[in-house]
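# Survey of secondary and tertiary structure
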Amino acid sequence: MNLGTLPPLIFDVPWMLLAAVVLPLVVWWMRSVRTRQRRVRLARYAESSALRRLVMVTDPDEQGRTLRLVLIALLAGGALSGPRWGLARGPVSARGIDMAIAIDASLSMMAPDERPSRLERVKQEVRRLRAMSQADRVALIAFAGRSYILTPLTSDNGAIELFLDNLDPSVVGQAGSSIARAIRQGTELLLASDGSADRALVLMTDGEAFEPEEDVKAAATEAGVKGVSLVTVGFGTTQGSTIPIQDGSVTREKRDDEGTIVITRYAPALLEAAATAAGGTFIPADASDKATRVRSALRSLRTAKRKIDSREDHVPRYLWLLLPALVLLAYDTWLLTRRRSVPDTGSPRPTPMPPMVLLVMMAALPVMLMSCKQAPDPAALFAAGNVQAAIAGYRAQIANGDTTVRTRYNLGTALIGADSLAAAAELLEMVRRESDGETRMRARFNAGYASLVMGRTPQNPEAEAAFAAARAAYRALLSERPADADAKWNYELALRTPPPPQGGGGGGGGGNAKNDQQDEQPQNQGGLDQKQAEALLNSAAREERDVQGRKQRQGRTPPGGKDW
């Protein structure tokens, strides 16, 4: 047995494990004392040789009963410790709203006036808010000088958590802070969703924006008119703080164009004005328990009934120990009652040694315990960052006969995370041919990304073929989804010539038009998307977004030169 696949075992009351050791010893000691006392009492009446002819000096079931009672004490002590292991998963009906959370990811959010930083405090509040509203569909938006939709409306905690872990100012290429754009994009995203639930936009920022207040109020008013409940949540302090900038291994303070150290301050007036314009709620930075206050502000909204995937780790398993203990106790009681009901003939009555029921219980107990062992969930492993284990899990599912496009898509996506790009591209291309809808789009995007990374690998002799495959994939995707910003950017990268293997020269742009005529693959057939793959999709584009961010910082300057 591979010990690495055993489910983790924890205890609600670990110190009660001492009872599992002490109780059997106490039972054995009490049985030994009882046996010695019986022998002493019998010795008072006759010599041992005569005594053996008159009565039963020893109980023929003495050892069997001692074994039963010791085992009962052992199982009961283990049950008292509250053992937990395994994983329970299943659909649960609950009611929730549609909520977009816009997170300020500008440089000012790295200020440490809220420990460890404003941005980390925002992440903590988002996690707490998500834990309070499992049935809500949540979308994440990151904004600075411009805003990006990180996730569509989803109930997938794994994808949301992975996006939060990776969120930092590098995700949003254009510097600065534009609250109005974030409000407009959040409003558009919510209005584009279907469903009967009310919609809410939660804006989490320090309020330091370099745009006219009229623009922010206009965007907030529009959101309120369209039925979107706006909640603005402040972070930071009015005293302000410097902004730490990591420059290699050195941390320095952010300076403006004139060389003056930048002090970023929490600006509540703009956030309060936006909330008032939308008829919403403003939660100041000094408020305690912000997540609970947000939840209270949204409590009156109309909810919709949904089925969510409930997952419980470390399921209570004390009954697996308590029930065998009760069965053994009932069996032991039955034996005592039966013996007392048989007339005393002066000769010992034979009893089965060991009892058949005891043998069955002892044989069934390991089977019952092992039945709790479950194979690890590859999706959970992938969300936790254990990519290799997730790949092994998906391959095991396929080996056991699960060859659905969903499982193969998940495997191909996980292979990208392990840098097995050639295998991932081949598998995802097969999935694309056999699927339709969202699965086909995402399989095509991921296959194109794998080819793009292979093409951008220095000194790769097959770089041109990889670039051609990437161009074909993104050209076909954009023909169906022309507004996909990530696909547009990756297609632009695929049109560029690969960088020279050695330094010097360079330049970018251009493209090989002769390769733009690659045949496109047919677009048909089906499958259901695994939502956690969205997390990898965004991670997959991080390298390209870094490049885009550098380009934007070189070519664009926020109003007044303020890029934080």
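Owing to the predicted nature of the structure, the values given are computational and were not obtained by experimental measurement. (Residues numbered from 1 in each chain as written. Predicted model: local features only at pLDDT ≥ 70, side-chain atom pairs only at ≥ 80, totals over all residues. Heavy atoms only, no water.)

Let's shift gears to the packing of helix α4 (residues 118–132) against helix α9 (residues 290–297). For the pair α4 and α9, the least separation of the axes is 8 Å and the interaxial angle reads 45°. By the angle between their axes, α4 is oblique relative to α9. Between α4 and α9 the crossing geometry is right-handed. Between α4, through Glu125, Arg128, Leu129 and Met132, and α9, the contact on the second element is made entirely by Lys290, Ala291, Thr292, Val294 and Arg295. (Axes fitted to C-alpha atoms, helices over the stretch in contact; angles between N-to-C directions. Helix = DSSP H or I, 4+ residues; strand = E, 2+ residues; numbered from the N terminus. Parallel < 35°, antiparallel > 145°, perpendicular 65-115°, else oblique. Left-handed = near helix turned anticlockwise from the far one by under 90°. Contact = heavy atoms within 4.5 Å.)

With that out of the way, let us pick up the sheet that holds strand β3 (residues 98–104). Strand order in this open sheet of six strands is β5-β4-β3-β6-β7-β10, and the pairing throughout is mixed. With partners counted over all chains shown, the strands left at the sheet margins are β5 (147–154) and β10 (281–283), one partner each. This sheet shows a mean twist of 15° between the axes of neighbouring strands, independent of strand direction. Relative to strand β7 (residues 228–234), strand β6 (residues 199–205) is paired through seven bridges, and the arrangement is parallel. The residue bridging Leu203 from the neighbouring strand is Thr232, located in β7. The strands touched by helix α6 (residues 179–191) are β3, β4 (137–143), β5, β6 and β7; relative to β6, the strand with the most contacts, the crossing angle is about 155°. This element, helix α8 (residues 268–278), spans β6, β7 and β10 of the sheet and lies at about 165° to β7. (Pairing = 2+ DSSP bridges.)

With omega at -5°, the peptide bond leading from Arg115 into Pro116 counts as cis. Despite not being glycine, Asp289 shows a phi value in the positive range, around 55°. Its place among the elements puts Asp289 in the loop between β10 and α9.

Along the polypeptide, Ile183 turns up in helix α6. For the pair Ile183 and Leu201, spaced 18 residues apart in sequence, the C-alpha to C-alpha distance is 7.7 Å. The residues contacting Ile183, other than those within four sequence positions of it, are Leu201, Leu203, Val216, Ala219, Ala220, Ala223 and Leu230.

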